[in-house]
Amino acid sequence: MSSPVIAIADSPFPSLDPVIEALAKLNPEFRISKSASAEDILEVARDADAIIVCYAQITADIINKLTKCKVIARTGLGVDNIDIPAAAAKNIVVTYVPDYCLHEVSDHAMALLLAMARKIPLANRHVHAGRWEMPVVQPLYRLKGRTLGLVAFGNIPQALVPKAKAFGLTVITTDPFVAQEHLDAHDVENVSFDELLARSDFISVHAPLLP
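What you see is a predicted model; the values in this text were computed from it and never measured.

*Asks:* Report on the overall build of the protein, specifying residues and quantitative values.
*Replies:* Helix and strand counts for the protein stand at 10 helices and nine strands. Its C-alpha atoms give the protein a radius of gyration of 22 Å, clearly above 17 Å, the size a compact globule of 211 residues would have. Out of the 211 residues in the protein, the part that is buried amounts to 36%. Taking the intrachain contacts of the protein between residues at least 6 apart in sequence as the baseline, contacts between residues at least 24 apart amount to 48%. Total accessible area on the protein stands at roughly 12800 Å², and carbon and sulfur atoms take up 59% of it. Separation of charge centres in the protein, based on 19 positive and 24 negative side chains, amounts to 5 Å.

Right, here's the structure in full:
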């Protein structure tokens, strides 16, 4: 039996060693695209058994020209750069990494919240312009006792909750699909979207990009 061919459409990572190690038992042949253009991706992927992609666009046009592909694997969380209906029409399985960068993204969400709450970008611009004026950033409010509203309550916002609560924030969410056990585990109230808008001092959106 010949080794499977795996095409790498693109990769922003410093090394492909984790991918190579994870797939070593398949003894695959790896082909790496010269760029993220459709032409270069097809050059390595047209007759490949699988495609690994990060940011490159895997369009319907690319998918329809694949002759052997069984799997398109996204090295990340979202799959909006892959034409899912086109893949489904060709019986190609699309996979992703559901726990990719959960803490990093929730850290970043908290960093953005702090920057906004403390008006750091605004203050930074004024300081660089040679102005040191407290009234520019007033009013400033403490975080303790204020409310953070989370639109959707998947893994990333769940990772954000303890970080927000450490600053004294009350956390609420709006998510029609979340299991009650997850809300109970984090002591977070699930409310309607309108109520979340009315009660929240800060809002962080974690919903998938869907129609």
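We are not done yet, so read on.
*Asks:* An account of the layout of surface pockets is needed here, citing residue identities and associated values.
*Replies:* Empty space within the largest pocket amounts to approximately 1200 Å³. Considering the residues around the largest pocket, the lining is formed by 32 residues, among which L77, H206, A207, P208 and L209 are closest to the centre. Among the secondary structure elements, those contributing two or more residues to the lining of the largest pocket are α5 (102–117) and α8 (155–166). No other element matches α8, which puts three residues into the lining of the largest pocket. For the lining of the largest pocket, the class distribution of residues is 23 nonpolar, six polar and three charged.

*Asks:* With reference to specific residues and values, describe a nonpolar patch on the surface.
*Replies:* A cluster of nonpolar side chains, contributed by F13, L77, Y96, V97 and Y100, occupies part of the molecular surface with about 390 Å² of accessible area. Relative to the helices and strands, Y96 resides in the loop between β5 (93–95) and α5. Accessibility expressed as a relative area gives 45% for Y96, which makes it partly exposed.

*Asks:* Break down unusual backbone geometry for me, citing the residues and quoting the values.
*Replies:* A negative phi angle characterises most non-glycine residues, just as the trans form characterises most peptide bonds. Between Q138 and the following residue, P139, the backbone shows a cis peptide bond with an omega angle of 0°. Take P139: it is sitting in the loop between α7 (134–137) and β6 (147–151). A positive phi angle, close to 60°, is found at N91, a residue other than glycine. Turning to its location among the elements, N91 is positioned in the loop between α4 (84–89) and β5.

*Asks:* Give a description of the pairing of β6 that names residues and reports values.
*Replies:* For a regular strand, side-chain orientation follows a simple rule: the groups alternate between the two sheet faces. Across the five residues that make up β6, a large majority, five, are buried. The alternating pattern of β6 places T147, G149 and V151 on one face and L148 and L150 on the opposite face, and all of these are buried. For the segment spanning β6, α8 and strand β7 (residues 170–174), crossover handedness is right-handed. Two strands pair when backbone bridges link them, and β6 and strand β9 (residues 202–205) are joined in this way by four bridges, in the parallel orientation. Bridging from a neighbouring strand, L150 pairs with S204 of β9.

*Asks:* An account of the pairing of strand β2 (residues 29–32) is requested, with residue identities and associated values reported.
*Replies:* In this structure, strand β1 (residues 5–8) lies alongside β2, joined through four bridges in parallel fashion. Its bridge partner lying in β2, A7 is registered against R31. With helix α1 (residues 17–22) bridging β1 and its parallel neighbour β2, the resulting β-α-β unit is right-handed.

Definitions and cut-offs
- Think of each chain on its own: its residues are numbered from 1, step by step along the sequence as written.
- The predicted nature of this model means local features are confined to residues of pLDDT at least 70 and side-chain atom pairs, given and counted, to a pLDDT of 80 or more, with totals for whole chains, interfaces and linings taken over all residues.
- With hydrogens and water stripped out, all remaining heavy atoms of the structure feed into the side-chain values.
- To qualify as a helix, a DSSP run of H or I must reach at least 4 residues; to qualify as a strand, a run of E must reach at least 2; elements of each kind are numbered from the N terminus.
- Restricting the calculation to C-alpha atoms gives the radius of gyration, and the globule rule supplies 2.2 Å times the number of residues raised to the power 0.38.
- Each residue is placed in one exposure class: buried if its accessible area under a 1.4 Å probe, protein chains only, is under 20% of its type's maximum, exposed if it is over 50%, and partly exposed if it falls in between.
- Residue contacts follow a heavy-atom distance rule, with two residues in contact if any of their heavy atoms lie within 4.5 Å.
- Surface accessibility follows the Shrake-Rupley procedure with a 1.4 Å probe radius. Residue values consider only the protein chains on display as shielding.
- Charge assignment: positive for Lys and Arg, negative for Asp and Glu; neither His nor the chain ends contribute.
- All charge positions are set by atom: Lys at NZ, Arg at CZ, Asp at CG, Glu at CD.
- Only protein atoms enter the 1 Å grid used here. Points where a 1.4 Å probe fits but cannot escape make up a cavity, open sets with protein on both sides within 12 Å along at least five of seven lines make up a pocket, and a residue lines them when an atom lies within 4 Å of a point.
- Grid points are joined across faces, edges and corners, and a volume is the space filled by probe spheres set on the points.
- Three residue categories are used. Nonpolar comprises Ala, Val, Leu, Ile, Met, Phe, Trp, Tyr, Cys and Pro, charged comprises Asp, Glu, Lys and Arg, and polar comprises the others, including Gly.
- Without a salt bridge and with relative accessible area above 30%, a residue can belong to a patch; like charges are then joined within 9 Å and nonpolar side chains (Val, Leu, Ile, Met, Phe, Trp, Tyr) within 5 Å.
- Here, a salt bridge means any side-chain nitrogen of Lys or Arg that lies within 4 Å of a carboxyl oxygen of Asp or Glu.
- By convention, orient the strands away from the viewer: a clockwise path from the first strand over the helix to the second makes the crossover right-handed.
- By the convention used here, strands pair only if DSSP detects at least 2 bridges between them.

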